Structure formats: structure tokens, C-alpha cells
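# Analysis of the macromolecular model
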Amino acid sequence: MIPPFFVEGLNLSVVMPAVSPCPATPCLRHESRVVCDQARIVPYSETEAKGMRMEPISPQEFTPCEFTTEWRGAFENAEVNALHAECFEHRLLADDWWSQVNRFSLGWVCSRHLGRLVGFVNIAWNGGVHAFVLDTMVSSAFQRQGIAKALIGEVVDRAKDTACEWLHVDFDPHLRQFYFDACGFRPTDAGLIALK
Ligand SMILES: CC(C)(COP(=O)(O)OP(=O)(O)OC[C@H]1O[C@@H](n2cnc3c(N)ncnc32)[C@H](O)[C@@H]1OP(=O)(O)O)[C@@H](O)C(=O)NCCC(=O)NCCS
């Protein structure tokens, strides 16, 4: 089940059904470039916590939003495992991404097309001023449409709102155009040791 989560700064919690997002679940607009208004804000009753909550709208009311990009968006582990296996060309794994990113990451971004996870990036964090772009991936059928650039743009905007001062990335040479030209990283020296 996709867990309910809290939207920073808005005092909203989102009630997510136990099925995959869009079109069955609403999309939520909060501060930045996410997404569409397919949810309704309702006050908590007296017996509930203070604040407001978002309730899914009915299927009749729902108009699917084509692409959504969401910082710290909810996801199922199976979705990320499938996307990672496709994009990095390895067998399907059963990693617990949800626990991992919630423990160790500054954040992550989910990009969805009609509810299907088509892009993802994970931002590891040292707990201080350094954050690290990992696992940038876009499903092959959706590549070269600016989705990864939008993922990184969302990360940069969000990371600027934190105490982090530096966003790092490393990559294979063929992605210089993507990271340097499209995303605005500047070249720097970096090092790497294979431990296994
Ligand atoms: C790398 C990856 C995330 C790019 O996703 P994407 O959504 O296709 O990228 P975008 O459409 O946002 O690309 C923006 C620009 O970056 C450049 N770019 C993107 N992918 C590129 C590639 N494979 N080779 C060269 N330039 C590339 C292009 O200039 C592109 O603009 P254009 O399409 O108008 O020419 C995607 O190809 C992918 O998932 N690859 C497999 C996993 C991987 O290697 N991830 C990187 C880990 S460091």
C-alpha cells in the first residue's frame, strides 16, 4: 500500500488508496511544478488531527493528468525495481527502495505518465551540505522528451531550499551533454574506487 504522507508547509495529509496512482488516485498540487488538482481539500472533523486532509475524488470526476513530477512522491518498490532493471539493464531485483530513500536520502523525484512510473532520481545525502544525484532513470519509451532534465530541475529547486550547498553527480562520458549542457552541472575532478 502506498502510505499516506504529509505535505510540508501546507499542513495537508494525502489519503492514497491501496492501488497505483493516476488515474485511480488523485494528483496533488503543492508548491512547485507538480501536477494537477485532482483532489479535494476537506477539513478534518473534530475527532481528527488539526488541519486539512486531501481526499481522492471519484473516478467520474477524474481527468487524468498526463505527466506529473513529484518531489518525495509515493511509490511502490516494485515500480522502482522494474524501472531500474530496465534502465540499467540488469535482472529484476527486490530492493526496498522506500525504506532506503526514507532513511538515507535528501529526497527523490518520481515522474509519472498517466500514473505509470516512467522516471525517477534519488538524492543521497551526507546529513550536511553535500547531496549526490544517483539512479537518474527514464523508461526508454519516454526518453528524449525532457523528463530527466525536469527531474534534475526539481531536485535543484528542492535542494536549494535545504541547508545543502553542493549537488554532486558522476556519470559515463556519453552523458556529458545531459548533465553539463541540459542540467547545468559544471565539470570538476572526482574519484572512484570499485570496492567489489
Ligand atoms: C540518461 C537518461 C536519464 C536521460 O533521460 P531523458 O529523459 O531521455 O533525458 P532528457 O530528455 O531530459 O535529455 C535532455 C537533453 O540531454 C541530452 N541527453 C539526454 N540523454 C542523452 C544521451 N543518452 N546521450 C547524449 N545526450 C543525451 C540531450 O541533449 C537532451 O536533449 P535533446 O533530446 O533535445 O537532444 C536516460 O537516458 C536513462 O535513463 N538512461 C539509462 C540510465 C542511465 O544511464 N542513467 C544515468 C545514470 S548517471
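Check the entry above for the structure.
Residues numbered from 1 in each chain as written. Predicted model: local features only at pLDDT ≥ 70, side-chain atom pairs only at ≥ 80, totals over all residues. Heavy atoms only, no water.

Once that is clear, we can look at the pattern of salt bridges. According to the stated counting rule, one finds two salt bridges in the structure shown. One salt bridge connects Arg158 with Glu154, and the closest N-O pair in it is separated by 3.1 Å. Within this pair, Arg158 and its partner Glu154 are both found in helix α3 (residues 147-160), separated by four residues, close to a single helical turn. Take Glu154: its relative accessible area is 0%, and that puts it in the buried class. (Salt bridge = Lys/Arg side-chain N within 4 Å of Asp/Glu carboxyl O. Helix = DSSP H or I, 4+ residues; strand = E, 2+ residues; numbered from the N terminus. Buried < 20%, exposed > 50% of the residue type's maximum accessible area, 1.4 Å probe, protein only.)

Here we take up the site of the ligand. Taken together, 20 residues lie around the ligand, and Thr136, Val138, Arg144, Gly146 and Lys149 are the ones closest in. One of the backbone N or O atoms of Gln145 is found 3.2 Å from an oxygen atom in the ligand. Computed on the free molecule, the ligand has an accessible area of 900 Å², of which 76% lies beneath the protein chains in the complex. Where the shell around the ligand is concerned, the elements lending two or more residues are α1 (77-88), β8 (130-138), α3 and α4 (176-182). (Near = heavy atom within 4 Å. Polar contact = N/O pair within 3.5 Å; in protein donor to acceptor, adjacent residues only side chain to side chain. Areas by Shrake-Rupley, 256 points an atom, 1.4 Å probe, with all protein chains shown as cover.)

Time to look at the pairing of strand β5 (residues 67-71). In terms of residue burial, β5 counts as a mostly covered element, since four of its five residues are buried. Alignment of β5 against strand β6 (residues 105-113), held across five bridges, turns out to be antiparallel. Its bridge partner being in β6, Glu70 is matched across the sheet by Cys110. (Pairing = 2+ DSSP bridges.)

Tracing the sequence through the fold places Glu79 in helix α1. Exposure remark for Glu79: the relative accessible area of 16% places this residue in the buried category.

In a beta sheet, neighbouring strands are held together by backbone hydrogen bonds and run either parallel or antiparallel to one another. Strand order in the open sheet formed by five strands is β5-β6-β7-β8-β9, and the pairing between neighbours is mixed. Two strands close off the open sheet at either side, each with one partner strand: β5 and β9 (166-168). Adjacent strand axes in the sheet meet at a mean angle of 20° when their direction is disregarded. This element, α1, spans β6, β7 (116-125) and β8 of the sheet and lies at about 80° to β8. (Axes fitted to C-alpha atoms, helices over the stretch in contact; angles between N-to-C directions. Contact = heavy atoms within 4.5 Å.)

Over its 14 residues, α3 extends 20 Å from the first C-alpha to the last, a length consistent with the 20 Å expected when each residue adds 1.5 Å. Taken together, the buried positions of α3 are occupied by Ile147, Ala148, Leu151, Ile152, Glu154, Val155, Arg158 and Ala159. For α3, the buried positions fall inside an angular range of 155° around the axis, keeping them on one side. Looking at the buried side of α3, the elements it contacts are β5, β6, β7, β8, β9 and α4. (Expected span 1.5 Å × (residues − 1). Arc of directions from axis to C-beta.)

If you walk through the whole model with that rule in mind, you get 10 aromatic pairs. Measuring from ring centre to ring centre gives 6.2 Å for Phe67 and Phe142, while their planes differ by 80°; the resulting arrangement is edge-to-face. Taken as a pair, Phe67 in strand β5 and Phe142 in the loop between β8 and α3 lie far apart in primary sequence, 75 residues in all. On the accessibility criterion, Phe142 (10% relative accessible area) is buried. Ring centres of Trp97 and Phe120 lie 5.8 Å apart, and the angle between their planes is 80°; this geometry places the pair in the edge-to-face category. A residue pair is termed long-range when its members are at least 10 positions apart, and Trp97 in helix α2 (residues 97-104) and Phe120 in strand β7 qualify at 23 residues. Take Phe120: its relative accessible area is 0%, and that puts it in the buried class. What links up through ring pairs into an aromatic cluster is the set Phe75, Trp97, Trp98, Trp108 and Phe120. (Phe/Tyr/Trp six-rings, centres within 6.5 Å; stacked < 30°, edge-to-face > 60°.)

That's the geometry; what it means functionally is another story.
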